[in-house]
Amino acid sequence: MIRPPPLTFLRCHPHVLSRLPPSPYLARLPHLHHPSCPIVSTPLPHAAHVRHASTSPPIAADASSLVTRLKNLFLGTTISLALVFGYLYVTDVRAGIHQWAVVPSLRWIYDDAEEAHEVGTASLKGLYKWGLHPRERGDVPRNLEVEVFGHTLSNPIGTSAGIDKHAEIPDPLFALGPSIIEIGGATPYPQDGNPKPRVFRLPSQKGLINRYGLNSEGADNVAMRLRQRVREYAYANGFGIDEEAEQSVLDGKAGVPGGSLTSGRLMAVQVAKNKFTPDEDIEAVKADYVYCVEALARYADIIVVNVSSPNTPGLRGLQRVEPLTNILTGVVEAAKKAKKRVKPAVMVKVSPDEDSDEQVRGICDAVWESGVDGVIVGNTTKRRHDLLPADYNLPAREAATLLEQGGYSGPQLFEGTVALTKRYRRLLDEGMDQTPKEPASTKAIDDAPQQDPNKDVSSRIKETVERDAKNLKPDTPEAHAESKSQPLIQIPPRNNPFSSDRPSTSASTSAFSADTHINQLPPITQSEPSKEPPKRKVIFATGGIQNGKQALEVLEAGASVAQVYTALVYGGVGCIARMKDEMREEMKRRRKEPGIP
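Being a predicted model, the structure only gives us computed values, none of them experimental.

Peer 1: Quick rundown of the overall build of the protein chain? Include the residues and the values.
Peer 2: What the protein chain contains, in helices and strands, is 20 helices and 13 strands. Burial statistics for the protein chain: of 597 residues in total, 41% are counted as buried. Taking all contacts inside the protein chain whose residues are at least 6 apart in sequence as the whole, residues at least 24 apart take part in 72%. Carbon and sulfur atoms make up 57% of the accessible area of the protein chain, which amounts to about 34,200 Å² in all.

Peer 1: Now, about the nonpolar core: what can you tell me, with residues and values included?
Peer 2: In this structure, Leu 226, Tyr 289, Leu 296, Ile 303, Val 348 and Tyr 424 are the most contacted members of the largest nonpolar core, which totals 93 residues. Among the elements that make up this core, the one with the highest residue count is helix H9 (residues 282-296) (eight residues). Counting twelve residues, the second largest nonpolar core, distinct from the first, contains Val 148, Ile 180, Ile 302 and Ile 376.

Peer 1: Now, about the sheet that holds strand S5 (residues 199-202): what can you tell me, with residues and values included?
Peer 2: With antiparallel pairing, three strands are arranged side by side in an open sheet as S5-S6-S11. The open sheet has two edge strands with one neighbour each: S5 and strand S11 (407-409). Here the average twist between neighbouring strands, direction ignored, is 20 degrees.

Peer 1: Lay out the packing of helix H13 (residues 414-433) against helix H18 (residues 548-556) in plain terms, naming residues and giving numbers.
Peer 2: At their nearest, the axes of H13 and H18 sit 8 Å apart, and the two run at 20 degrees to each other. Relative to H18, the element H13 is oriented roughly parallel. Only Gln 550, Glu 553 and Val 554 of H18 make contact with H13, whose side of the interface consists of Phe 414, Val 418 and Thr 421. Looking at the contact of H13 with H18 residue by residue, the class counts come to three nonpolar, two polar and one charged.

Peer 1: Just give me the short version of the pairing of strand S9 (residues 345-350), but keep the residues and values in it.
Peer 2: Consecutive side chains along a regular strand alternate between the two faces of the sheet. Summarising burial for S9: six of the six residues are buried, a large majority. Of the two faces of S9, the one holding Ala 345, Met 347 and Lys 349 and the one holding Val 346, Val 348 and Val 350 are both buried throughout. In this sheet, S9 lies alongside strand S8 (residues 302-306) in parallel orientation, the contact comprising five bridges. Counted as the bridge partner of Val 305 is Val 348 from S9. In this structure, S9 lies alongside strand S10 (residues 374-377), joined through four bridges in parallel fashion.

Peer 1: Residues and numbers for the pattern of salt bridges, please.
Peer 2: Inspection of every chain in the model, using the stated rule, returns 29 salt bridges. For Arg 229, the salt bridge is made with Asp 171, and the minimal N-O distance between the two is 3.1 Å. One end of the pair, Arg 229, is in helix H7 (residues 219-236); the other, Asp 171, is in helix H6 (residues 170-175), with 58 residues separating them in the sequence. According to the relative accessible area criterion, Arg 229 is buried, its value standing at 10%. According to the relative accessible area criterion, Asp 171 is partly exposed, its value standing at 23%. Of the charged contacts in the structure, one is a salt bridge between Glu 246 and Arg 298, with a shortest N-O distance of 2.8 Å. Within this pair, whereas Glu 246 is found in helix H8 (residues 243-250), its partner Arg 298 is found in the loop between H9 and S8, the two being separated by 52 residues in sequence. Judged by relative accessible area, Glu 246 falls into the buried class, the value being 2%. The class for Arg 298 is buried, based on a relative accessible area of 14%. Several salt bridges share partner residues, and in doing so they unite Arg 94, Glu 136, Lys 580, Asp 581 and Arg 584 into one network.

Peer 1: I'd like a rundown of unusual backbone geometry, residues and numbers included.
Peer 2: That bond from Gly 184 to Gly 185 is cis: its omega, 5 degrees, falls within 30 degrees of zero. Within the element layout of this structure, Gly 185 appears in strand S4 (residues 180-186). Of note, the phi angle at Phe 149 is positive, near 55 degrees, even though the residue is not glycine. Within the secondary structure, Phe 149 is located in the loop between strand S1 (146-148) and strand S2 (151-153). Since its relative accessible area comes to 26%, Phe 149 is described here as partly exposed.

Peer 1: Provide a residue-level description of helix H4 (residues 96-109), including the pertinent values.
Peer 2: Here H4 spans 19 Å end to end across 14 residues, near enough to the 20 Å set by a 1.5 Å rise per residue. When the local axis directions of H4 are compared, the greatest deviation, roughly 25 degrees, occurs at Val 102, which is followed within four positions by the proline Pro 104.

Peer 1: Break down the environment of Gln 205 for me, citing the residues and quoting the values.
Peer 2: Residue placement: Gln 205 occurs in the loop between S5 and strand S6 (207-210). Between the alpha carbons of Gln 205 and Glu 398 there is a distance of 9.2 Å; along the sequence they are 193 residues apart. The contact partners of Gln 205, leaving out residues within four places of it in the chain, are Leu 388, Tyr 392, Leu 394, Glu 398, Tyr 408, Pro 411 and Gln 412. A polar contact is formed between the side chain of Gln 205 and the side chain of Ser 204, at a distance of 3.3 Å.

Peer 1: Give a description of the side chain of Ser 260 that names residues and reports values.
Peer 2: Mapped onto the elements, Ser 260 comes out in the loop between H8 and strand S7 (266-271). For Ser 260, a relative accessible area of 0% translates into the label buried. For Ser 260, the residues in contact, after removing those within four places along its chain, are Phe 174, Arg 229, Arg 265, Leu 266, Met 267 and Asp 301.

Peer 1: Please give an account of the side chain of Gln 563 that cites residues and values.
Peer 2: Within the element layout of this structure, Gln 563 appears in strand S13 (residues 561-564). A polar contact of 3.1 Å, which involves the side chain of Gln 563, links it to the side chain of Glu 182.

Peer 1: Give me the lowdown on the packing of aromatic side chains, citing residues and values where you can.
Peer 2: In this description, an aromatic ring pair is defined by two values, namely the gap between the centres and the angle between the planes. Considering all chains together, one arrives at two aromatic pairs under this definition. Pairing Phe 149 with Phe 540 gives two aromatic rings, centres 6.5 Å apart and planes at 55 degrees, and the pair type is tilted. Taken as a pair, Phe 149 in the loop between S1 and S2 and Phe 540 in strand S12 (residues 538-542) lie far apart in primary sequence, 391 residues in all. Residue classification places Phe 540 among the buried positions, given a relative accessible area of 1%. In this structure, Lys 165 packs its charged tip against the face of Tyr 212, placed 4.4 Å from the ring centre. Across from the ring centre of Trp 368, 4.4 Å away, lies the NZ or CZ of Lys 537, which sits over that ring.

Peer 1: Which residues make up helix H10 (residues 321-336), and what values do they have?
Peer 2: When the terminal C-alpha atoms of H10 are compared, their 22 Å separation across 16 residues agrees well with the 22 Å that a helix rising 1.5 Å per residue should span. Structurally, H10 contributes buried residues whose contacts are with H9, S8, S9 and helix H11 (357-370).

Peer 1: Tell me about the pairing of S7, and name the residues and values.
Peer 2: Across the six residues of S7, six count as buried, placing the element largely inside the fold. A two-sided burial pattern is seen for S7, the buried positions comprising Leu 266, Ala 268 and Gln 270 on one face and Met 267, Val 269 and Val 271 on the other. Summarising the sheet, S4 and S7 pair through five bridges and their orientation is parallel. Note that in S7 the partner of Glu 182 across the bridge is Ala 268. The pairing of S7 with S8 spans four bridges and is classified as parallel. Paired with Val 269 across the bridge in S8 is Ile 303. With H9 bridging S7 and its parallel neighbour S8, the resulting β-α-β unit is right-handed.

What counts and how
Residues numbered from 1 in each chain as written. Predicted model: local features only at pLDDT ≥ 70, side-chain atom pairs only at ≥ 80, totals over all residues. Heavy atoms only, no water. Helix = DSSP H or I, 4+ residues; strand = E, 2+ residues; numbered from the N terminus. Buried < 20%, exposed > 50% of the residue type's maximum accessible area, 1.4 Å probe, protein only. Contact = heavy atoms within 4.5 Å. Areas by Shrake-Rupley, 256 points an atom, 1.4 Å probe, with all protein chains shown as cover. Core = buried A, V, L, I, M, F, W, Y, C linked by side-chain atoms within 4.5 Å. Pairing = 2+ DSSP bridges. Axes fitted to C-alpha atoms, helices over the stretch in contact; angles between N-to-C directions. Parallel < 35°, antiparallel > 145°, perpendicular 65-115°, else oblique. Nonpolar A, V, L, I, M, F, W, Y, C, P; charged D, E, K, R; others polar. Salt bridge = Lys/Arg side-chain N within 4 Å of Asp/Glu carboxyl O. Expected span 1.5 Å × (residues − 1). Bend = angle between axes of the 7 residues up to and from the residue. Polar contact = N/O pair within 3.5 Å; in protein donor to acceptor, adjacent residues only side chain to side chain. Phe/Tyr/Trp six-rings, centres within 6.5 Å; stacked < 30°, edge-to-face > 60°. Lys NZ or Arg CZ within 6 Å of the ring centre and 35° of its normal. Right-handed = clockwise from strand over helix to strand, strands pointing away.

Encoded structure:
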């Protein structure tokens with residue numbers, strides 16, 4: 001049996017390895033191999049070198065691992081920062097990508113404007129669900145606040161109806177920065193509107209022509225969607241999810257308006273009649289509007305009565321004084337019955353084409369007569385003349401598009417919007433200064449004969465007896481017998497001086513007389529009806545407003561809110577934030593330059 005050589009011998013005499021026979025002990029040595037292996041002929045290093053070599057591989061491995069970890073950390077941090085900054089950039093409405101990339105891409109990919117609009121709506125809805133929607137970031141200055149219908153709004157910019165027809169994206173729209181959004185219009189029954197295609201672009205003019213024809217899912221469907229929104233808000237804020245929780249939010253117990261569900265914001269809901277309702281049947285038309293109000297008023301801060309769409313035959317004829325007053329009166333009465341603490345305000349949307357003195361004055365009279373709270377001045381126009389300079393040459397495709405039927409909206413309407421706003425402001429203010437007509441009930445009271453409280457008691461008794469004698473039945477034997485069995489007036493025992501059940505008091509010893517009874521009655525006085533000073537009517541202006549300077553101009557013309565439509569379509573989701581920035585810059589410039597109003 002061959003004994004294994006000492007390890008020290010092997011380290012001191014490396015060449016002996018070549019003379020030793022194969023041994024399993026050598027194979028077990030950590031740094032030595034069997035002599036049959038080719039590398040056994042390699043001389044072993046010095047012991048110090050062996051110790052150094054035994055520690056080098058772990059150090060190298062550790063160094064390599066450290067470098068790898070640093071690389072991974074750097075790469076992960078870079079990706080994380082890129083995602084964070086990318087998220088903050090893309091979800092900021094002021095990011096240029098929304099105006100210069102998203103809007104042109106939608107227009108290039110979707111030739112049909114309505115299809116592009118539907119894709120944009122679906123995108124905003126989906127992004128909002130995952131918290132990836134564009135929004136206005138940062139602390140918003142408070143120098144643009146306005147008061148409307150008793151609410152302090154964060155700014156005077158709103159969106160017009162048509163952006164969100166079916167109440168699908170009210171919250172994503174509020175996130176873009178407007179203080180008011182208008183959804184709808186909603187009709188009593190669902191209707192498809194006009195055949196497609198029905199929306200056309202004029203990109204060179206930043207204009208649109210539409211003939212939607214008030215396509216609507218119906219007031220009940222819109223109300224159901226808004227109700228779901230309120231209940232989700234109630235649940236998220238700890239009120240519960242039942243009907244009582246919904247009512248608490250609608251009554252303002254959450255500290256926000258019941259329509260917008262956002263502090264400093266209001267939501268308007270537009271209502272209209274069905275296309276198949278006969279225009280000449282005013283009661284049927286009024287019933288259409290009232291039905292929509294009854295379904296939607298409790299979920300709205302403002303009800304907008306649309307009588308100015310150019311795409312529903314006969315609708316603009318309802319702007320005549322008599323039918324308009326009748327319809328608006330019914331809407332106001334229905335809005336006052338809304339099941340919520342703060343009732344929605346009522347506004348009427350008028351056409352820019354109904355601009356004669358007689359038409360404008362008649363609409364203002366109807367507004368005052370019916371008790372409507374305000375007017376939205378402007379809608380799309382059916383006119384095509386004077387939209388562009390006579391020598392202006394449109395691209396061939398857009399020139400053909402301009403001839404399409406429907407309502408035009410675009411920057412060319414701005415000057416007309418300002419002028420019409422000034423006229424409505426003046427005439428509505430004149431109506432406020434006039435003495436309002438007295439209600440019929442008050443007049444009937446005034447015409448009725450009044451009692452003089454200073455008359456002596458005996459004269460009053462005599463008049464009462466004579467009056468009652470005229471109303472008595474003929475004195476027949478049957479009536480006489482019946483009168484003996486039952487007194488004419490049943491006096492309660494405690495007030496009957498002849499009753500034995502009457503409590504005995506010192507005052508009861510005096511004889512009961514008619515004078516005593518009459519003197520105990522409250523004096524007959526004529527109650528004056530409470531007269532509150534008329535409130536100034538509110539005006540919203542829409543039509544052609546593209547930037548902050550123009551928004552200021554319509555506000556100076558007498559409007560409280562400037563609403564946008566095509567500016568948002570062509571300017572992207574950052575349009576409203578830019579307009580507010582432009583308004584602040586213009587206000588700052590005016591303060592610096594003397595002589596500027």
